[in-house]
Amino acid sequence: MGLYVSDSKQYLKKSKWIFSIMLFAEDQLTTLQNIVRVTSLIGFSGAILVFVYLIRFPRLFNNPVGRIVIALACTDAIDASFKFLARAGINSGSDSALCQIQAFVLHVECQAQLLLGLSLGLNIVYILYLKGDAQTIQKYEWGIIFLSFSIPLPYAVYQLFNPHLVGDGDLWCFTSAEYGNLRFWTFYFWLILIFMLNVLFIILTSIGIRRLYQNLRNLGASESSSKGIKVVLYRLAIYLIGFFIAWLPSFLNRTIPHPHANYEFAMAQAIVSPTRGMINFLAFWLSMRKSEEVVVDETTSTSQKGLPYS
């Protein structure tokens, strides 16, 4: 598999596990930077909208999905803030404090987003195929959130104390292309793995929801009860679809071999990656709209294997 990034002067193909170095023209980099700054504002606005909903309607977040939405909104707000800097850190020099801090924050926040997205997929598999319940998920959710932010820290701290590892990552400061193997195993390997797992989870969710809904109807479960459980899983599934949309350009830009600097893929990443906050907000809003279609009293909502969907 060839992995490609841009650097300042040349295109140089290395081994199959190491990145290749490519050149973007100065006007292309300027365009990418302007796009990143606009889309970062959109992503930051989406994260703020989640917090507005949290303040006005706190009950909407009193469930595992809601708490992960809050955690995602935190990562989205920080991520968008530092992506708004775009290439300012690179232009200041890869050894500058601005570039080093940007690389540190983006490594932690992007990997935390990946891990939180993975937890949503695992929650669906746990409920659909392992007969799990929301109480168990709620019991461990804070631990899951803590781990999502903690797992990326060791390498991010190591990188912070080894400034030579940071370089030009096309759109912002990131682990330098000169350390392609390190960059692959500390980030892009996990991006590829989690992305593919969540694609699998989307397929399993579609199959599982159909089977569950049919089984409930065959057992004579009430329409509201059947629909209620379906909505819970729908809320998780829509976040997985949002994850797929938010990470697809980054996945394609970094994993599909191309023999030259692929400006189109880089532009797609510049448009979509910083807007994850808005994508996650829209997923939240759509899931709330779906939930409003089901009116279930408190007794019913707590009897469905403990799966809250309010």
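Once a new chain begins, its residue numbering starts again from 1 and follows that chain's sequence as written. pLDDT decides what is reported in this predicted model: residues at 70 or higher carry local features, side-chain atom pairs at 80 or more are listed and counted, and totals for whole chains, interfaces and linings draw on all residues regardless. Water and hydrogen atoms were dropped before computing side-chain values, which therefore reflect all heavy atoms in the structure.

1. Side note on the overall build of the protein
Thinking step 1. Along the protein, the regular secondary structure elements total 11 helices and four strands.
Thinking step 2. Whether a residue is buried, partly exposed or exposed follows from its accessible area with a 1.4 Å probe, protein chains only, as a fraction of its type maximum: under 20%, in between, or over 50%, in that order. Per-residue burial for the protein yields a buried fraction of 53% across its 310 residues.
Thinking step 3. The contacts of the protein with a sequence gap of at least 6 include a subset with a gap of at least 24, amounting to 74%.
Thinking step 4. For the area figures, the Shrake-Rupley method with a 1.4 Å probe applies, and any residue is considered shielded solely by the protein chains shown. Of the roughly 14,000 Å² of accessible surface on the protein, 67% is carried by carbon and sulfur atoms. Helix numbers and strand numbers start at the N terminus; a helix is a DSSP run of H or I with at least 4 residues, a strand a run of E with at least 2. Only heavy atoms enter the contact rule, under which two residues are in contact if any of them lie within 4.5 Å.

2. Examining the pattern of salt bridges
Side-chain pairs of opposite charge can arise whenever the charged atoms involved come near each other.
Thinking step 1. Criterion for a salt bridge: a side-chain nitrogen of Lys or Arg within 4 Å of a carboxyl oxygen of Asp or Glu. In this structure the tally under the stated criterion is three salt bridges.
Thinking step 2. Residue K83 pairs with D79 through a salt bridge whose shortest N-O separation is 3.1 Å. With K83 and D79 both in helix α2 (residues 64-83) and four residues apart, the pair spans about one turn of that helix. Across the pair, exposure class does not vary: K83 and D79 are buried alike.
Thinking step 3. For R87, the salt bridge identified is with D168, shortest N-O distance 3.1 Å. Highlighted residues: R87 in the loop between α2 and α3 (88-92) and D168 in strand β3 (residues 166-168), separated in sequence by 81 residues.
Thinking step 4. R87 sits in the buried class, given a relative accessible area of 9%.

3. Observations concerning the confidence of the model for the protein
Thinking step 1. Considering every residue of the protein, the mean pLDDT works out to 79; 78% of them sit at 70 or more.
Thinking step 2. What pLDDT conveys is the predictor's confidence in a given residue, as a value from 0 to 100. Contacts for the low-pLDDT stretch residues 294-310, under 50 throughout, to residues beyond four places or in other chains number 42 contacts.

4. Some details on the side chain of Q111
Thinking step 1. Within the secondary structure, Q111 is located in helix α4 (residues 97-129).
Thinking step 2. Setting aside chain neighbours within four positions, we find Q111 in contact with L106, I151, P152, T186, F187 and W190.

5. Quick notes on the environment of Y188
Thinking step 1. Take Y188: it is sitting in helix α7 (residues 180-218).
Thinking step 2. Put simply, Y188 and S250 are 62 residues apart on the chain and 9.5 Å apart in space, counted from C-alpha to C-alpha.

6. Overview of unusual backbone geometry
Thinking step 1. Even without glycine at this site, A86 takes up a positive phi of about 50 degrees.
Thinking step 2. Assignment of secondary structure puts A86 in the loop between α2 and α3.

7. Concerning the environment of A134
Thinking step 1. Looking at the secondary structure, you find A134 in helix α5 (residues 134-150).
Thinking step 2. Judged by relative accessible area, A134 falls into the buried class, the value being 4%.
Thinking step 3. Separated by 11 residues in sequence, A134 and N123 place their C-alpha atoms 8.9 Å apart.

8. A word on the state of the cysteines
Linking two cysteines covalently via their sulfur atoms produces the bond known as a disulfide.
Thinking step 1. The disulfide criterion used throughout: a pair of cysteine sulfur atoms within 2.5 Å. Inspection of the entire model under this criterion finds one disulfide.
Thinking step 2. The disulfide that involves C99 links it to C173, with 2.0 Å between the sulfurs. The sign of the -115 degrees torsion about the S-S bond sets the C99-C173 disulfide as left-handed. Remark: C173 occurs in strand β4 (residues 173-175) and C99 occurs in helix α4; sequence separation between them is 74 residues.
Thinking step 3. C173 gets classed as buried once you look at its relative accessible area, which sits at 0%.

9. Points about α4
Thinking step 1. Take the number of residues in a helix, subtract one, and multiply by 1.5 Å to get its expected span. Here α4 spans 48 Å end to end across 33 residues, near enough to the 48 Å set by a 1.5 Å rise per residue.
Thinking step 2. Residue K131 follows α4 closely and has a positive phi angle near 55 degrees.

10. Focus: the packing of α4 against α5
Thinking step 1. Interhelical geometry of α4 versus α5 gives an angle of 155 degrees and a closest axis separation of 9 Å. Put simply, α4 runs roughly antiparallel to α5. Where α4 crosses over α5, the two elements pack in a sense that is right-handed. Of α5, the residues touching α4 (which contributes V108, E109, A112, L115, L116, S119, N123, Y126 and I127) are T136, I137, I144, I145, L147, S148 and F149.
Thinking step 2. Only Asp, Glu, Lys and Arg are considered charged in this grouping, and only Ala, Val, Leu, Ile, Met, Phe, Trp, Tyr, Cys and Pro are considered nonpolar; every other residue, Gly among them, is considered polar. Looking at the contact of α4 with α5, its residues break down into 11 nonpolar, four polar and one charged. Axis definition: a line fitted to C-alpha atoms, over the contacting stretch in the case of helices. Angles run 0 to 180 degrees between N-to-C directions. Under this scheme an angle from 65 to 115 degrees is roughly perpendicular, one under 35 degrees roughly parallel, and one over 145 degrees roughly antiparallel; angles in between are oblique. By convention the crossing between two helices is left-handed if the near helix lies anticlockwise of the far one by an angle smaller than a right angle, and right-handed if it lies clockwise.

11. Regarding the nonpolar core
Thinking step 1. Definition of nonpolar core: a set of buried residues of the types Ala, Val, Leu, Ile, Met, Phe, Trp, Tyr and Cys, connected through side-chain atoms within 4.5 Å. Formed by 45 residues in total, the largest nonpolar core has its most connected members in V69, L114, L120, F187, Y239, W247 and F284.
Thinking step 2. Elements with a minimum of two residues in this core: α2, α4, α5, α7, α8 (223-255) and α10 (276-292).
Thinking step 3. Sorting elements by how many residues they give to this core places α4 first, with 10 residues.
Thinking step 4. Once you skip the residues sitting within four places of it in the chain, V69 turns out to touch V50, F61, Y239 and F284.
Thinking step 5. Counting residues in each nonpolar core, the second largest holds 12 residues, with F24, I35, V36 and L106 among its members.

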